[in-house]
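One-letter residues, chain by chain:
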Amino acid sequence: MIDFSNLLDNLLLNSSKKKKIDFLSDYFQSQTQQNKIWALSILSKSFVNKLVKVKDIKELLKGKVDEDLFLYSYDYVGDLAETFSLLWPKDNSKIINSQSLSSFMSSLEKQTSKDDLIIFLTNHFNTCLPNEIYTTIKILLGGLRVGVSNELLKESLSKIGSRSKEEIEENWYGFSFPYNGFFEWLKGESLPKQFNSKDLFHSFMLSNPFNENLIKKIEIKNYTCEYKWDGIRGQITVSKNGKIYSRNGEDITSSFPELKIKSDKVSVLDGELVVKKENTIFSFNELQKRIGRKKVSKKILSDLPVHFICYDILFFNNLDVRKLPFFERRVFLQNYIKKLNHPNISISPLINFVSWSELRSIKENSFNNHIEGIMLKNKNSIYKSGRPALCWYKWKRDPFLEDFIIMYAQRGHGKRSSFYSDFTFGCWIENKINTLVPIGKAYSGFTNDELKKLDKWVRDNTLERFGPVRSVKPGLVVEIAFDNLNFSNRHKSGIALRFPRINRIRWDKPIEEVCILDDIKKLIKIGRAHV
């Protein structure tokens, strides 16, 4: 366990991608097979504990130390796992017994009830080092926050065997815990006999942000243009089983049963999931009502039918077409969608244009609130996972910019756990300027120096404390950038912002000059998208 704890420390304290890859590859090369299996499960977020939650961990510690000591310490440290590891009392009658990661995880998996698990954890904490306690809490509650993505894992694993990152990428989603045959395959052995390659999720090809400096570097005649819809990326696998996957490879078929399509031949479609009814595309907020459901009622299927706007094809009736240029894949896609003739699936329309100025005008002026911008796609680009250069670009319209007032602040996580870095902002309900209503939250867009100033301001202007959250005196204005907004019944204000972030801190601006709620609602354009 101590080796895995040291790995997490190294990953947390080093921001260099190269160093992280080196730490990971060194760990996987030096560990036993079982340790590697469990480490991969934890780092890839495959392992999920369902027995204990944050509340249970807090109660466990409160049973050992004074509650006020815990609250003050937690408020100062900001991270529960670190607070727990520092406060857990040492039992000098117990001998430190550091287990291997696999030994600990195997014992953990044997606990079938919360009570049994609490007893097991108490004994474990009494016989291990503080950094092992920290690691245990992180494993139990998830959210390692050490800057390791699946892409980083794939790259590090490509260093320890004979498989390239591309080969690992191609087969990544065919392996799951306990990863039977995976590490043997990395060393050059064949794929396991039970390996299912038919219904695999295939990593998406992603776009790069468009910068207007590119206008001088790329030939406009080499690109096509499509709308960028405000939905969620999805992948439909037409096969004997029929699957739908999210952008991170999660099987979401049960949430969208109207798009489950079965066939003896495998075809894979790439596109955008939206809610569409009577030729009208609804807001992203309506789509959220469909996300994460295990069962979908007839009423929801009727009220919020999901539509798939398809813009690429990876497999066509068992034929892998990813190596073909985009304009050829587009022909395959048109033929497939036409023959499929599915009421909930359509092809993404291409936009005609002749100049950059025309594209810029389309990007800014031709849209309603359910389109984020435009996509530019190289006609000759093959379908390759990741963000290959000079292939796909997203050219999003300029964000909305509005001034709001900071209302609440919360401690951050990881490196920011000692700072108040997550902010709830709001605006005046009416012109009387005496009541604020929360509008949204932002936790990015500022420098480290600005974070320090914000943190000091929060501490100096605190009204009340609610655990890690503080309410503050209305006094600081921030300019918030956001990509979109829509009406929402889930929010007290009645509206929801898309991707809010701090654009500027308006230290100089009086709070009386901040807009009222009706001004924000007027930004929502009347009408919905038609396609």
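This structure is a prediction, so every number in the text was calculated from the model and none was measured.

Q: Any chance you could explain the overall build of the protein here in plain terms?
A: Counting its regular elements, the protein contains 18 helices and 21 strands. Here the C-alpha atoms of the protein give a radius of gyration of 26 Å, agreeing with the 24 Å that 2.2 N^0.38 yields for 531 residues. Structurally, the protein occupies a C-alpha span of about 75 × 70 × 50 Å along its principal axes. The buried share among the 531 residues of the protein stands at 51%. Long-range pairs, those at least 24 residues apart, make up 70% of the contacts in the protein with a sequence separation of at least 6. Positive and negative side-chain charges of the protein, numbering 83 and 62 respectively, have mean locations separated by a distance of 4 Å.

Q: I'm lost on empty space enclosed by the protein in this one. Help?
A: The probe, sized like a water molecule, is rolled over the atoms to show the empty space still left. Going through the model one piece at a time under the given rule, you end up with 1 cavity of 30 Å³ or more. Roughly 30 Å³ of internal volume is contained in the largest cavity. Forming the boundary of the largest cavity are Leu8, Leu12, Tyr134, Lys138, Leu144 and Val146. If you list the elements that add at least two residues to the lining of the largest cavity, you get α1 (2-13) and α9 (130-141). Among the residues making up the lining of the largest cavity, the classes are represented as 5 nonpolar, no polar and 1 charged.

Q: What should I look at first to understand the sheet that holds strand β1 (residues 208-209) in this one?
A: Strand pairing in a sheet relies on backbone hydrogen bonds, with the paired strands running either antiparallel or parallel. Ordered in space as β1-β11-β10-β2, the 4 strands form an open sheet in which the pairing is mixed. Taken across any chain shown, the strands that pair with only one partner, and hence form the sheet edges, are β1 and β2 (223-229). Taken together, the 2 bridges between β1 and strand β11 (residues 392-396) define a ladder with parallel strand orientation. Residue Pro209 lies in a different strand from β11, and its bridge partner there is Lys394. Against the sheet, helix α15 (residues 326-340) makes contact with β2, β10 (371-378) and β11, and its axis sits at roughly 55 degrees relative to β2, the strand it touches most.

Q: Just to check I follow, could you spell out unusual backbone geometry for this structure?
A: When glycine is set aside, most residues are seen to have a negative phi, and most peptide bonds are trans. Here the amide bond leading from Phe177 into Pro178 is cis, since omega sits at 10 degrees, within 30 degrees of zero. Note that Pro178 resides in the loop between α11 (165-171) and α12 (182-186). Backbone geometry places Tyr179, a non-glycine residue, at a positive phi of 55 degrees. For Tyr179, the position within the fold is in the loop between α11 and α12. With phi around 50 degrees, Phe499 is a residue other than glycine that occupies positive phi space. For Phe499, a relative accessible area of 46% corresponds to the partly exposed category.

Q: What am I meant to see in the confidence of the model for the protein here?
A: Interpretation of the predicted coordinates at a detailed level should be avoided for regions scoring low in pLDDT. Looking at the protein as a whole, its pLDDT mean stands at 92, while 98% of the residues score no less than 70. Within the protein, no element has a lower average pLDDT than strand β21 (residues 529-530), which sits at 40, and none a higher one than α15, at 98. Confidence drops under a pLDDT of 50 for residues 526-531, and excluding neighbours within four residues, the segment shows 19 contacts in the predicted structure.

Q: Hey, could you run me through the packing of helix α4 (residues 54-62) against helix α6 (residues 80-87) in this one?
A: How two helices sit against one another is set out by the angle between their axes and by the gap between those axes. Packing of α4 against α6 brings their axes to within 11 Å, and their N-to-C directions diverge by 20 degrees. Taken as axis vectors, α4 and α6 run roughly parallel relative to one another. α4 and α6 meet at a crossing whose hand is left-handed. Along its contact with α4, which presents Val54, Ile57, Lys58, Leu60 and Leu61, the element α6 presents Leu80, Thr83, Phe84 and Leu87. Across the contact of α4 with α6, the residue classes tally to 7 nonpolar, 1 polar and 1 charged.

Q: Please explain the side chain of Asn35 as it appears in this structure.
A: Here Asn35 is to be found in helix α3 (residues 33-43). Every residue in contact with Asn35, bar those within four places of it in the chain, is listed here: Tyr27, Ser100, Leu101 and Ser102.

Q: Sorry, what's going on with the layout of surface pockets here?
A: Taken as a whole, the largest pocket encloses approximately 1200 Å³ of empty space. If you go around the largest pocket, you meet 35 residues; those closest to its centre are Asn150, Trp172, Tyr173, Asn248 and Gly249. The greatest single-element share of the lining of the largest pocket, amounting to 3 residues, is contributed by helix α10 (residues 150-157). In terms of residue class, the lining of the largest pocket is built from 14 nonpolar, 12 polar and 9 charged. There is about 780 Å³ of room inside the second largest pocket. In this structure, the second largest pocket is lined by 34 residues; those nearest its centre are Gly231, Ile232, Arg233, Arg247 and Glu272. When residues of the lining of the second largest pocket are traced back to their parent elements, those giving at least two are β2, β3 (232-238), β10 and β11. Broken down by element, the residue count for the lining of the second largest pocket peaks at 4 residues, all from β2. Looking at the lining of the second largest pocket, its residues break down into 12 nonpolar, 7 polar and 15 charged.

Q: How should α6 be read in this particular structure?
A: A turn of α-helix holds 3.6 residues, and therefore any two residues three or four places apart point the same way. By the criterion of burial, α6 is predominantly enclosed, with 6 of the 8 residues buried. Here the buried face of α6 lies against α4, α5 (67-77), α8 (114-126) and α9. The residue sitting at the N-terminus of α6 and contributing the capping side-chain oxygen is Asp79; that oxygen lies 3.1 Å from the backbone nitrogen of Ala81.

Q: Would you explain the state of the cysteines in this entry?
A: Two cysteines, two sulfur atoms, one covalent bond between them: this is a disulfide. Inspection of every chain in the model, using the stated rule, returns 0 disulfides. Here Cys225 stays free of any disulfide, with the sulfur of Cys391 as its closest cysteine sulfur at 16 Å. Residue classification places Cys225 among the buried positions, given a relative accessible area of 1%.

Q: Could you clarify how one ought to interpret the packing of α4 against α5 in this entry?
A: Where α4 contacts α5, the axes come no closer than 9 Å and their chain directions differ by 130 degrees. Accordingly, the angle class assigned to the pair α4 and α5 is oblique. Between α4, through Lys58, Leu61 and Lys62, and α5, the contact on the second element is made entirely by Glu67, Phe70 and Tyr74. A breakdown of the residues in the contact of α4 with α5 according to their chemical character gives 3 nonpolar, no polar and 3 charged.

Cut-off values and rules
- Residues numbered from 1 in each chain as written.
- Predicted model: local features only at pLDDT ≥ 70, side-chain atom pairs only at ≥ 80, totals over all residues.
- Heavy atoms only, no water.
- Helix = DSSP H or I, 4+ residues; strand = E, 2+ residues; numbered from the N terminus.
- Rg over C-alpha atoms; globule rule 2.2 N^0.38 Å.
- Buried < 20%, exposed > 50% of the residue type's maximum accessible area, 1.4 Å probe, protein only.
- Contact = heavy atoms within 4.5 Å.
- Lys, Arg positive; Asp, Glu negative; His and termini not counted.
- Charge placed at Lys NZ, Arg CZ, Asp CG, Glu CD.
- 1 Å grid on protein atoms, 1.4 Å probe; cavity = no way out; pocket = protein on both sides within 12 Å on 5 of 7 lines; lining within 4 Å.
- Points joined across faces, edges and corners; volume = space filled by probe spheres on them.
- Nonpolar A, V, L, I, M, F, W, Y, C, P; charged D, E, K, R; others polar.
- Pairing = 2+ DSSP bridges.
- Axes fitted to C-alpha atoms, helices over the stretch in contact; angles between N-to-C directions.
- pLDDT = per-residue confidence, 0-100.
- Parallel < 35°, antiparallel > 145°, perpendicular 65-115°, else oblique.
- Left-handed = near helix turned anticlockwise from the far one by under 90°.
- Polar contact = N/O pair within 3.5 Å; in protein donor to acceptor, adjacent residues only side chain to side chain.
- Disulfide = S-S within 2.5 Å.

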